[in-house]
Amino acid sequence: MHRRSETLHGARGAARRLLALLAAALLPALVAAAPPGGEVVRLATTTSTENSGLLRAILPAFQGLTGYRVDVVAVGTGKALRMGRDGDVDVVLVHAPPAEARFVEAGYGVNRRAVMYNDFVLVGPARDPARVRGLMDAAEALRRIAAAGAPFLSRGDDSGTHKKERALWRAAAVAPQGRWYRETGQGMGRTLQMASELGAYTLVDRGTWLSQRARLALEVLVEGDARLRNPYSVIAVNPARWRDVNYLGAMALIAWLTSPEGQARIGAYRIGGEVLFHPVAVPPKE
Amino acid sequence: MEETSLAQASLEALRMLVTGDPGLWEIIGVSFSVSLRAIAVAAPPAVLLAFLLAYARFPGRRLLITLFNTMLALPAVVVGLTLYLLLSRAGPLGEWRLLFTQTAMVIGQVVLAFPIVVAMGHAAIQAADRRAWETALTLGAPPWRAMLTVLGEVRFALVAAVVAAFGRIIAEVGSSIMVGGNILHYTRNIPTAIALETSKGAFAEGIALGLVLMVLALSLNLAVTRLQGHGELGA
């Protein structure tokens, strides 16, 4: 009995220590970080604007001016529009004009404004097995790649880049299928890396290309076709559909992005001396 | 083309850690804040449930045990997807406006941690000497005191269960990236940052963050070992 009560005593001490341990674990939970200050605007956008570093370069100025904190969720255009439709974000910044038009027509978004454009380039291995280097006609380049059966990587994720790629295949009158045509189902950066490893062709926006080309064994082979232009628009989620979206915050962001200051900051963003995005909302001074 | 050999990327990673890159440490902070909150929310009720499963007799008990053992294998992406559909404004809990917040990440990690603590805790409590429970009751302790006595008997196994659960949730990416959205300065934690950096081909940053996770795992295990050693000496 004596030995047992000693055990019990020890166990009680241990229980106290266990409680102390629990309290120590709970303490940080109680004082844990609330979201940093300021009202939040939630922006769904494409990986191209986030991964190229553009938003990180320009958004602090907007936050400083208005006090709004912008939470950026970077996904493909398809998913960004879906998030807007579901009211999970307040505003979207995307690059797929036909899908954007449908989005607005269906009443999911309002106040669509053109913000900027960049362009797509077709990149591939230096040895260029399909002989497309220097072509000005992107559709012709795709026809040659298909005819040569040279490996081509598609994002396959319903992103703006993927939508543009499918439009180009339609323009080339080629149904891309076969062992040479592979869908990665991943973002632009990872698809570029895979293309580099596999010696494959792929379509990429210039922003992502410039920010990552140093790590890639790929070259720009086709550029300059008017069909490769890549316009970005910003759209507020319809406040009539989701009453508690931050409509004022969304409109403040849209106003700032399309203001002379926002436009100047977009035009001033460069990587290695090259302009990534060309502002279009405010016509330049004559 | 830049060389991205493993050795070079690792060296660069070490340099970033040692020079105290503020962005890196902010991400580490988010990871700890979210996972500590999740474990603090999950562990107490999980331990209580583990105790009830071991000491109480009620219908459906065996089924519950099987259920929690099965939930050990729950993939984080499935938790993330389910939670996303629940928390989306278009979903049933959309009114709560929790999607893309740290709170949503905490909820996902609670779901992942809970069954680990229950299953491991239950195994430990069941293996404990039943006489501690009986003795405590005999000495006139109310049931909750007797329960604390039993839990005290198996404290090291319980701590191990909590540490295992913590190790799992601080390293999971599937749920965090889906319901957190990987938002810079807010919901970007170590695993989602590794996913992002890798997608950009920035392997050094990915490795630096991976090193943090591994150092963390090592420190946790050292701490547990030390705690256990201390307990044996004091008994």
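Please read all numbers here as calculations on a predicted model, not as lab measurements.

1. Details of the confidence of the model for chain B
The predicted structure's coordinates, where accompanied by low pLDDT, should not be read in detail.
Residue and element names in this part refer to chain B.
1) Next: Considering every residue of chain B, the mean pLDDT works out to 89; 95% of them sit at 70 or more.
2) Next: Across chain B, the element-wise mean pLDDT spans from 78 in helix H11 (residues 203-234) up to 96 in helix H5 (residues 102-127).
3) Next: Across the interface, the model reports ipTM at 0.71; the global pTM reads 0.79.

2. Topic: the packing of aromatic side chains
1) Next: What the rule picks out here adds up to 15 aromatic pairs over all chains.
2) Next: Their ring planes at 70° and their centres at 5.8 Å tell us that Trp180(A) and Tyr181(A) sit as a pair that is edge-to-face.
3) Next: Trp180(A) gets classed as buried once you look at its relative accessible area, which sits at 13%.
4) Next: An aromatic cluster of at least three residues, connected via ring pairs, comprises Phe152(A), Trp169(A), Trp180(A) and Tyr181(A).
5) Next: The ring of Tyr186(B) carries Arg69(A) above its face, with NZ or CZ at 4.5 Å from the centroid.
6) Next: Note that Arg229(A) overlies the ring of Tyr117(A), its terminal NZ or CZ placed 3.7 Å from the centroid.

3. Re the packing of helix H4 (residues 77-85) of chain A against helix H5 (residues 97-105) of chain A
Residue and element names in this part refer to chain A.
1) Next: Taken N-terminus to C-terminus, the directions of H4 and H5 make an angle of 10°; their axes are 11 Å apart at the nearest point. One element, H4, and the other, H5, form an angle in the roughly parallel class. The residues of H5 that touch H4, namely those facing Leu81, Gly84 and Arg85, are Ala99, Glu100 and Phe103.

4. Some details on helix H3 (residues 61-71) of chain B
Residue and element names in this part refer to chain B.
1) Next: For H3, the complete set of buried residues consists of Arg61, Ile65 and Phe68. The buried residues of H3 occupy an angular sector of 70° when projected down its axis, which confines them to one face. Exposed residues on H3 whose side chains face more than 90 degrees from its buried face are Arg62, Leu63 and Thr70.
2) Next: In the core, the buried residues of H3 are packed alongside helix H2 (22-55) and H5.

5. Structural notes on empty space enclosed by the protein
Residue and element names in this part refer to chain A.
1) Next: All chains considered together, the criterion is met by 4 cavities of 30 Å³ or more.
2) Next: Reported here for the largest cavity is a volume of approximately 60 Å³.
3) Next: Lining the largest cavity we find Leu122, Ala138, Leu142, Phe152, Glu165, Leu168, Leu203, Val222 and Leu228.
4) Next: For the lining of the largest cavity, the secondary structure elements donating two or more residues are helix H6 (138-148) and helix H7 (160-172).
5) Next: In this structure, the second largest cavity spans a volume of roughly 40 Å³.

6. Digging into the confidence of the model for chain A
Residue and element names in this part refer to chain A.
1) Next: Per-residue confidence for chain A gives a mean pLDDT of 87; residues scoring 70 or more make up 86%.
2) Next: Per-residue pLDDT stays below 50 along residues 1-8; that stretch engages in 8 contacts with residues further than four places along the chain or on separate chains.
3) Next: Scored below 50 in pLDDT, residues 25-37 shows 16 contacts in the model against residues more than four places distant or in partner chains.

Conventions and cut-offs
Along each chain, numbering runs from 1 in the same order as the chain's sequence is written. To read the labels, note that chains go from A and ligands from 1, taken in the order they are written. In keeping with the model being predicted, local features are shown solely for residues with a pLDDT of at least 70 and side-chain atom pairs are shown and tallied solely at 80 or more, while totals for entire chains, interfaces and linings include all residues. Hydrogens and waters are ignored; side-chain quantities use all the structure's heavy atoms. Within a predicted model, pLDDT stands for the predictor's per-residue confidence, ranging from 0 to 100. Each helix corresponds to a stretch of at least 4 residues labelled H or I by DSSP, and each strand to a stretch of at least 2 residues labelled E; elements are numbered beginning at the N terminus. Between 30 and 60 degrees the pair is tilted, below 30 it is stacked and above 60 it is edge-to-face, where a pair is any two Phe, Tyr or Trp rings, Trp via its six-membered ring, whose centres lie within 6.5 Å. Exposure categories follow from relative accessible area, calculated using a 1.4 Å probe and restricted to protein chains: below 20% of the type maximum is buried, above 50% is exposed, and the middle band is partly exposed. Our definition puts a charge over a ring when NZ of Lys or CZ of Arg is within 6 Å of the ring centre and also within 35 degrees of the ring normal. Between N-to-C directions, angles cover 0 to 180 degrees, with each direction set by a line fitted to C-alpha atoms, over the stretch in contact for helices. Note on terminology: angles under 35 degrees are roughly parallel, angles over 145 are roughly antiparallel, angles of 65 to 115 are roughly perpendicular, and the others are oblique. Any two residues having at least one pair of non-hydrogen atoms within 4.5 Å are treated as being in contact. Here the arc refers to the directions that run from the helix axis out to each C-beta atom. Note on definitions: the grid is 1 Å and covers protein atoms alone; a cavity is a set of points where a 1.4 Å probe fits but cannot get out; a pocket is an open set with protein on both sides within 12 Å along at least five of seven lines; lining residues have an atom within 4 Å of a point. Grid points are joined across faces, edges and corners, and a volume is the space filled by probe spheres set on the points.

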